[in-house]
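Chain by chain, the residues run as shown.
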Amino acid sequence: MATAARAVVPSRPGGRPLPHRLVPLAVALLAPAALAAPRLAESRSCPRLAAKLAALEARLPDAPPGALQHRVRRLQGRIADRCVALNEVQVLGTHNSYHVQPQPQLLNLLVLFDPSLAALEYTHAPLDEQLSTQGIRQIELDLFADPDGGLYARRGGLILLGQDPNTGIPALLEPGHKVLHVQDVDFETRCLTFVECLRIVKRWSDRHRGHLPIMILVEVKDDPIPDPVNLGFVVPIPFGPAELDRVDEEIRSVFPRDRLITPDDVRRGRPTLDEAVRTLGWPRLGRARSKVLFALDNGGQKRADYLAGHPALEGRILFTDAEPGDPDAGFVKANDPLADPGRIPDLVAAGYIVRTRADADTVQARTGDTTQRDAALASGAQFVSTDYPVPNPAFGTGYAVAIPGGAPARCNPVNAPPGCRSAALERLRRHPAGP
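None of these values were measured; they are calculated from a predicted model. (Residues numbered from 1 in each chain as written. Predicted model: local features only at pLDDT ≥ 70, side-chain atom pairs only at ≥ 80, totals over all residues. Heavy atoms only, no water.)

### Section: the overall build of the chain
The line we're drawing: Helix and strand assignments follow DSSP, with helices taken as H or I runs no shorter than four residues and strands as E runs no shorter than two, numbered in order from the N terminus. A simple rule labels every residue: compare its accessible area, found with a 1.4 Å probe on the protein chains alone, to the largest value its type can have, and call it buried under 20%, exposed over 50%, or partly exposed in between. Note on definitions: a residue-residue contact is assigned when non-hydrogen atoms from the two residues lie within 4.5 Å. In this description, accessible areas are obtained by the Shrake-Rupley approach with a 1.4 Å probe, and a residue is regarded as covered only by the protein chains that are shown.
A count of helices and strands for the chain gives 16 helices and 12 strands. For the chain, buried positions account for 51% of its 435 residues. Here the analysis covers contacts within the chain between residues at least 6 apart in sequence; of these, 71% occur between residues at least 24 apart. Of the roughly 19,700 Å² that the chain leaves accessible, carbon and sulfur atoms contribute 55%.

This is the structure we're talking about:
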C-alpha cells in the first residue's frame, strides 16, 4: 500500500519556525520533485487573479460599456502572460505544410500505378498565408539531405509527361536541405529549401510580434522509391549524425537564440527533460510569444543519432518524439487519437506536449467523417494537424478542421488553468516589414 507523504514544516537552525511568508517556498524546495510540481510551476498569484477575473466577469452583464470591460480584458491578458503555459493551449497545425499536389497529368499516372497515391491530392496555402489567414501555429516540413547541391534538381517523373526532368532551378543547385514529399514524383512545394521555409516563418514572425509560439515539426527522409521503368530516380543521402547536426545549424542560421524555445529552456538545469516537464512545466505565454520551437518527427535510429552525446537534449534545438520516462521526453507524437482514447489526455495531464492528426490520406475529407477530427480536438493534444484547414471543393463534403471558438487557439480542454480565456491567448502587435 502506498504511504501518504507527511507534510514537514521547515524551521531555522535551532528549531525556531520560519516566518509564515517563507514556509510555502521552503516546503516547495525541500519536497520531492513530484510533490513540488504545483508550487514550482504555478505563480502563487494565479488563483487570486483567476478569482478576481471571475468576480469582474460576473458584473459585466449589468455594467455599462466602458471601464469594466477594459479592466476585464487587461486582467485576462495578465493571466494569459503569467499563468497559462505553452502546453495549456490548443492550436491547429498542418500536415506536410509545404505540399502542393502533383500536376494533374502526373497525379493521374501515379494513381493508375497505385490507387493509394490518391492520398497526394491536397494542397496547402503558402506558409505565411497559413499563419495569417488560417490561424495555423504548427507546421511540418520534410527534409532531404543535399550537402553538395543539385541532387534534387532533376525530377525523373517529368519524363512520363514528355518534359525535361532537369529543372535548372537555382535554389535546387545550392547546398542545403531540400523540402519535398517524395523525390522525383511528388516534389511540388511552397518553399524549395529548409532555409527558405524558415525565412518565410521568420519574416512573418517579425511582422506579427506577440503571436503564440509556432511549432515546426521536422521529418528527415532518406528512403529510396521503386523505379520500375528506369527513369533514373535519385537515391537519397542517408540521414546520419552529420546531417542531423546540419539541421540544427540551418535553424540557427535563420533564428537567433532569443527567438527559440529549446529543450534547455524547458529543462532549466534538471537532469532530464522528462523530469522538468513533469515538475517545472513549460514556459508561460508571456515568455513564449514571438518564438518558435522545433520537434523531430522521426524515431528509431535517427532519434538515437540526434541524442548521441545529448541524452537529455542538452545543447540541441529539436525536441524528440519520446516515451514518458525517457530522459528526452517532452514531446510525444500520437497521430491516431482513436487508437487509445485515454492516452493523449493522460499525456497532456502529465505535462507533455502532444501532436495528433485530425485526418490522414484524404480519407476524412472525401467521406466527410468527423469522428477522428472531433476526437483529436477533445483529446487535449496541443497541436492538432490537418490537411484541410479549409475544405477542398472537389470533394464536396465541406470537411475542414478549425479550433472551436475560432483561430488561432483555445484554452486546452484538458489542462487549462482557472482564469484562462481563449480570446487573450494571442496578442499580435504588427510591426513594419523587416528585411
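Past the structure itself, the notes keep going.
### Examining the state of the cysteines
Stated formally: Sulfur atoms of two cysteines make up a disulfide when they are within 2.5 Å.
For the coordinates displayed, the defined rule picks out 3 disulfides. Here cysteine 46 engages in a disulfide with cysteine 83; their sulfurs sit 2.1 Å apart. A torsion of -95 degrees about the S-S bond marks the disulfide between cysteine 46 and cysteine 83 as left-handed. Of the two residues, cysteine 46 is situated in helix α3 (residues 46-59) and cysteine 83 in helix α4 (residues 67-83); the sequence distance between them amounts to 37 residues. Overall, the relative accessible area of 4% leaves cysteine 83 in the buried class. Across the disulfide, cysteine 191 is cross-linked to cysteine 197 (sulfur-sulfur distance 2.0 Å). Between cysteine 191 and cysteine 197 the sulfur-sulfur dihedral comes to about 100 degrees; the bridge is accordingly right-handed. Like cysteine 191, the residue cysteine 197 is buried in the burial classification. For the chain, the disulfide bridges join cysteines in the arrangement 1-2, 3-4, 5-6, where the cysteines are counted in sequence order.

### Describing helix α14 (residues 343-350)
Along an α-helix, a turn takes 3.6 residues, which lines up residues three or four apart on a common side. Definition in use: The arc in question is traced by the directions running from the helix axis to the C-beta atoms.
Here α14 has its buried residues at Ile344, Leu347 and Val348. All buried residues of α14 lie within an arc of 100 degrees about the axis, which places them on one face of the element. Along α14, exposed side chains directed more than 90 degrees from the buried face belong to Asp346 and Ala349. Buried positions along α14 lie against β8 (331-333), β9 (353-357) and α16 (371-379). Residue glycine 351 follows α14 closely and has a positive phi angle near 115 degrees.

### Examining the side chain of aspartate 186
Spelled out, the test is: Neither His nor the chain ends contribute to the count of charged residues, in which Lys and Arg are positive and Asp and Glu negative. When a carboxyl oxygen of Asp or Glu is within 4 Å of a side-chain nitrogen of Lys or Arg, the pair counts as a salt bridge.
Relative to the helices and strands, aspartate 186 resides in the loop between β3 (178-179) and α8 (194-207). Although aspartate 186 is buried, it makes no salt bridge; lysine 221 carries the closest opposite charge, 7.3 Å away. If near-sequence neighbours (up to four positions away) are discounted, aspartate 186 is found in contact with His99, Val100, Pro102, Leu120, Leu180 and His181.

### Some details on a nonpolar patch on the surface
Put simply, the test is: Candidates for patches are residues over 30% relative accessible area with no salt bridge; among them, like charges are joined within 9 Å and nonpolar side chains (Val, Leu, Ile, Met, Phe, Trp, Tyr) within 5 Å.
A grouping of Leu109, Leu112, Leu160 and Val229 is seen on the molecular surface, where their side chains present a nonpolar patch of about 400 Å² in accessible area. Here leucine 109 shows up in helix α5 (residues 104-113). Look at leucine 109 and you get partly exposed, because its relative accessible area is 36%.

### Examining the pairing of β9
Inclusion rule: By definition, two strands form a pair when at least two bridges between them are found by DSSP. Seen with the strands pointing away from the viewer, any crossover whose path from the first strand over the helix to the second strand runs clockwise is right-handed.
With respect to burial, β9 is a largely interior element, 5 of its 5 residues being buried. Side chains of β9 alternate between two faces, with Ile353, Arg355 and Arg357 and Val354 and Thr356 buried alike. The sheet contact formed by β8 and β9 spans 3 bridges and is parallel. From the neighbouring strand, valine 332 faces β9, where its bridge partner is valine 354. The handedness of the β8 to β9 crossover, carried by α14, is right-handed.

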